[in-house]
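What follows is the residue order along each chain.
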Amino acid sequence: PHLKDFWLEKFCLEGHLEAVTSVAWSPDCTKIASASADKTVRIWNALTGEVILILEGHSSYLNSVSWSPEGSKLASASSDGTVNIWDAVSGDL
């Protein structure tokens, strides 16, 4: 599908093992990041609903996720007292 047709599509993004605590659209609206109590961030393809990356590195549940303005990085905040900055393409910290 084309991005202009995206708003006509609806998906149920499933995969987290515990509650989803935060969701954020990428600046270009092609991806969605979700943070969860399962200690992971998932990056989803907003056009297909498929998981692109699963980011693991926190020791406790996540509170928030946010994209950088240009969309190349993600910040995730955890109840373990840390904020991780991820490369949104490779998944590297």
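Located above this text is the structure these notes cover.
A brief look at the structure comes next. (Residues numbered from 1 in each chain as written. Predicted model: local features only at pLDDT ≥ 70, side-chain atom pairs only at ≥ 80, totals over all residues. Heavy atoms only, no water.)

Some thoughts on the overall build of the protein
Within the protein, the secondary structure is distributed over 0 helices and 7 strands. Mapped in sequence order, the helices and strands of the protein form the string β-β-β-β-β-β-β. The globule rule puts the C-alpha radius of gyration for 93 residues at 12 Å, and the 13 Å found for the protein is close to it. Among the 93 residues that make up the protein, the fraction classed as buried is 38%. Long-range contacts, defined as pairs at least 24 residues apart, comprise 34% of the intrachain contacts of the protein with a sequence gap of at least 6. Here the protein contributes 6 positively and 12 negatively charged side chains, and the mean placements of these two sets differ by 4 Å. (Helix = DSSP H or I, 4+ residues; strand = E, 2+ residues; numbered from the N terminus. Rg over C-alpha atoms; globule rule 2.2 N^0.38 Å. Buried < 20%, exposed > 50% of the residue type's maximum accessible area, 1.4 Å probe, protein only. Contact = heavy atoms within 4.5 Å. Lys, Arg positive; Asp, Glu negative; His and termini not counted. Charge placed at Lys NZ, Arg CZ, Asp CG, Glu CD.)

Focus: the sheet that holds strand β7 (residues 83-87)
Across the sheet, 3 strands lie side by side as β5-β6-β7; this open sheet has antiparallel pairing. Here the strands that pair on one side only, and so sit at the sheet edges, are β5 (62-67) and β7. Strand-to-strand twist in this sheet, taken as the mean axis angle between neighbours without regard to direction, amounts to 20 degrees. Pairing geometry for strand β6 (residues 73-78) and β7, over 5 bridges, is antiparallel. Looking across to β7, one finds that Ala77 is bridged to Val83. (Pairing = 2+ DSSP bridges. Axes fitted to C-alpha atoms, helices over the stretch in contact; angles between N-to-C directions.)

Here we look at the nonpolar core
Of all hydrophobic cores here, the largest spans 13 residues; its most connected members are Ala33, Val41, Ile43, Leu55, Val65, Trp67 and Leu74. Of all the secondary structure elements, the ones that give two or more residues to this core are β2 (31-36), β3 (40-45), β4 (51-56) and β5. Top contributing element to this core by residue count: β5, with 3 residues. When near neighbours in sequence (up to four residues on either side) are disregarded, Trp67 contacts Ala24, Trp25, Ser26, Pro27, Lys31, Ile32, Ala33, Ile43, Lys73, Leu74 and Ala88. (Core = buried A, V, L, I, M, F, W, Y, C linked by side-chain atoms within 4.5 Å.)

As for the pairing of β2
Burial analysis of β2 places 5 of its 6 residues in the buried class, which makes it a mostly covered element. In this structure, the hairpin formed by strand β1 (residues 20-25) and β2 is closed by a connection of 5 residues, where Cys29 is found at a positive phi of approximately 65 degrees. Where β2 lies against β3, 5 bridges are found, and the strand directions are antiparallel. Bridge assignment links Lys31 to a residue of β3, and that residue is Asn45. In this structure, the hairpin formed by β2 and β3 is closed by a connection of 3 residues, where Lys39 is found at a positive phi of approximately 75 degrees.

Digging into the environment of Ala35
Following the sequence through the fold, Ala35 ends up in strand β2. Beyond its immediate chain neighbours, meaning those up to four positions away, Ala35 contacts His16, Ala19, Val20, Thr21, Ser22, Thr40, Leu62, Ser64 and Val65.

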